[in-house]
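A look at the structure
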Amino acid sequence: MTTSHTSSVDQRLSIRRKAWFVLLLTLVSATVIFFAARVSHMRLDWTEDGIYSLSDSTSSILNQLDEPVMVHAYITTDLPQPYGRLHRFIEDMLMAYHDAGGGKFGYDIIDPASDANVAASLNALHIPKVRVQVIEDDQAQVKQGYLAIVIEYLDSKETIPVVQGEAGFEYLLTRKIKKLTGKGREKIGLVSGFGAHGLGRLKRLQQVAGDDYEFVDVSPDVQAIPADVQTLLVAGVREKPSEAFRYRLDQFRMAGHGLLVLAGNVSPQLSRGFQVQPVDVYANDWLASDLGAVIEPGLVLDRRATRVVVNQQQGAFMMRSAVDYPFVINAMHLDKEHPITRELESVTIPFASPVMWSEKVKGGKVLVASSEYSTVQSGPPFDVDPMQSMQARFANIQMHPSALVLIHEGEAHSAFAKAPDEWPAGHEHIDHTDAGRLLVVGAPALLDDEFMDGSNAVFALNALDWLAADDALIALRSRGVTDRPLMDINRDARAAWKGLWMFGLPAMMVLAGLGRWWWLRNRARRGVATA
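Description of the structure in this document.

Criteria and thresholds
Residues numbered from 1 in each chain as written. Predicted model: local features only at pLDDT ≥ 70, side-chain atom pairs only at ≥ 80, totals over all residues. Heavy atoms only, no water. Buried < 20%, exposed > 50% of the residue type's maximum accessible area, 1.4 Å probe, protein only. Helix = DSSP H or I, 4+ residues; strand = E, 2+ residues; numbered from the N terminus. Pairing = 2+ DSSP bridges. Right-handed = clockwise from strand over helix to strand, strands pointing away. Salt bridge = Lys/Arg side-chain N within 4 Å of Asp/Glu carboxyl O. Contact = heavy atoms within 4.5 Å. Axes fitted to C-alpha atoms, helices over the stretch in contact; angles between N-to-C directions.

Buried residues dominate strand S1 (residues 69–75), accounting for 6 of its 7 residues. Both S1 and strand S2 (residues 105–110) contribute to a ladder of 6 bridges, which runs parallel. Looking at S2, one finds that Tyr-74 is bridged to Ile-110. Taking the sense of rotation as the criterion, the β-α-β connection linking S1, helix H3 (residues 83–100) and S2 turns out right-handed.

Take a look at the structure:
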């Protein structure tokens, strides 16, 4: 008995020594790896969007630098978390830029508190301080500091006044570098006439894209398109356009430029509430004859809808309630192979008409489509009342997806055999192009201020970049832009999942406990029998 007891004690001591040794070895290994990675700036990026790694677009832009770029990061060192972690992130990213820059990217990190002259120069650049609240010595205090980036290239400067966070940092910095080292902003022509939305209605788009593009008003009906305009945007034509309008757009496209057309069967009147005004019955015929894009009758409504806020009069009070509105579609059927939509999860398409390519178009694709839980309401008139229940709208109707956005790239032929008779002599008619880029959206209000936010803003910027043949920042801009709505499932599947979580999971826990108890009981019995 004594020998058995001594052997048991020695065995327990041996197990403890092994456990302590393994724990100590693990701690030492982790410490060594941590400091080695910190010194060498070695990182493993496991994030879905790779926000801690430089993209190929950034590396390509850095490799094309003609002259050195210098980046000054002004960061106050004693800011609390999460700003301390942001400080380390900025330092690591600038090191990655330096490594990819091939000697033409330099940087330094400066604490403005260490030099009063630095703070004065930041004030001259209109860079504000960050105000953060911290708890010290059981008291709430407000601290001020800087999280700013200044980029210098030759005699020019660009600034990022406040680094908001890790997501989007690479896009902001790379865009600033590209803007400094490029040839200035390209021009986007906003087509006016025949009811199209002009500069006054797309103010939010101009703010979002203003750093990259200059928007100018273009009137193809009465004057030539300026030679320095590289992309045309036609939003919401409500009347049948003239032949001069159509021919100038056709020749612009045949010259290899990009064309974005937003057209549909209705024009939303959101200033009057949720109302729509039908467009002229012949307003969209030119799209089929000139571009091969057919605007089909009706309005698409989808159960996978966006929530909107509706005002309701209840007696003497005005009530606000959020409802699912099927005419503002949360479209998630996107072409994941195309650079415009590759990194996007969804796009909000308001008051959309179904679109399709005609048989004469070769190589046309569908970029965005509604879900399989959608249908088309015939009209006019159209019933777009937001207070009608979804169940009533979709009762006893056949549902099917509809194309909402069409895209075409490559060879295209002119819709005109020659220039119109009244055209000035000496004009050279262009019959075809091998590098045309065309995007047709069945929603005239897609770029309106009310919908220009979140993924829609990214979609619009990606589309403009693609139309201007500037694909460098498209994938980079979409990083971190996620919208992960729950997957639609039927009633039986919902009931099954509810039963699993309410009853199945507790039952599995009870069974696991009983199994553990049974195993311990048998082990104890075997131990007694062995003794």
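Let's shift gears to the pattern of salt bridges. Applying the stated criterion across every chain, the model contains 13 salt bridges. In this structure, the salt-bridge partner of Arg-246 is Asp-290, at a minimum N-O distance of 2.8 Å. With Arg-246 in helix H7 (residues 243–254) and Asp-290 in helix H8 (residues 285–291), this residue pair connects regions lying 44 residues apart in the sequence. Asp-290 gets classed as buried once you look at its relative accessible area, which sits at 7%. Its salt-bridge partner being Lys-418, residue Asp-421 comes within 3.7 Å of it at the nearest N-O pair. Each member of the salt-bridge network shares a partner with another, and the members are Arg-88, Glu-91 and Asp-92.

Turning our attention to the sheet that holds strand S22 (residues 403–413). The sheet built from 8 strands is open, its strands ordered S8-S7-S9-S10-S23-S22-S20-S17 with mixed pairing. Single-partner strands in this sheet number two, and they are strand S8 (213–218) and strand S17 (333–334). Here strand S9 (residues 229–235) runs beside strand S10 (residues 258–262); their pairing, made up of 5 bridges, is parallel. In the strand pairing of S10, Thr-231 is matched with Gly-258. Across the face of the sheet, H7 comes into contact with strand S7 (186–191), S9, S10, S22 and strand S23 (432–441) while running at roughly 135° to S9. Those strands touched by helix H10 (residues 455–467) are S7, S8, S9, S10, strand S20 (365–369), S22 and S23, and its axis lies near 170° from that of S23.

That's the geometry; what it means functionally is another story.
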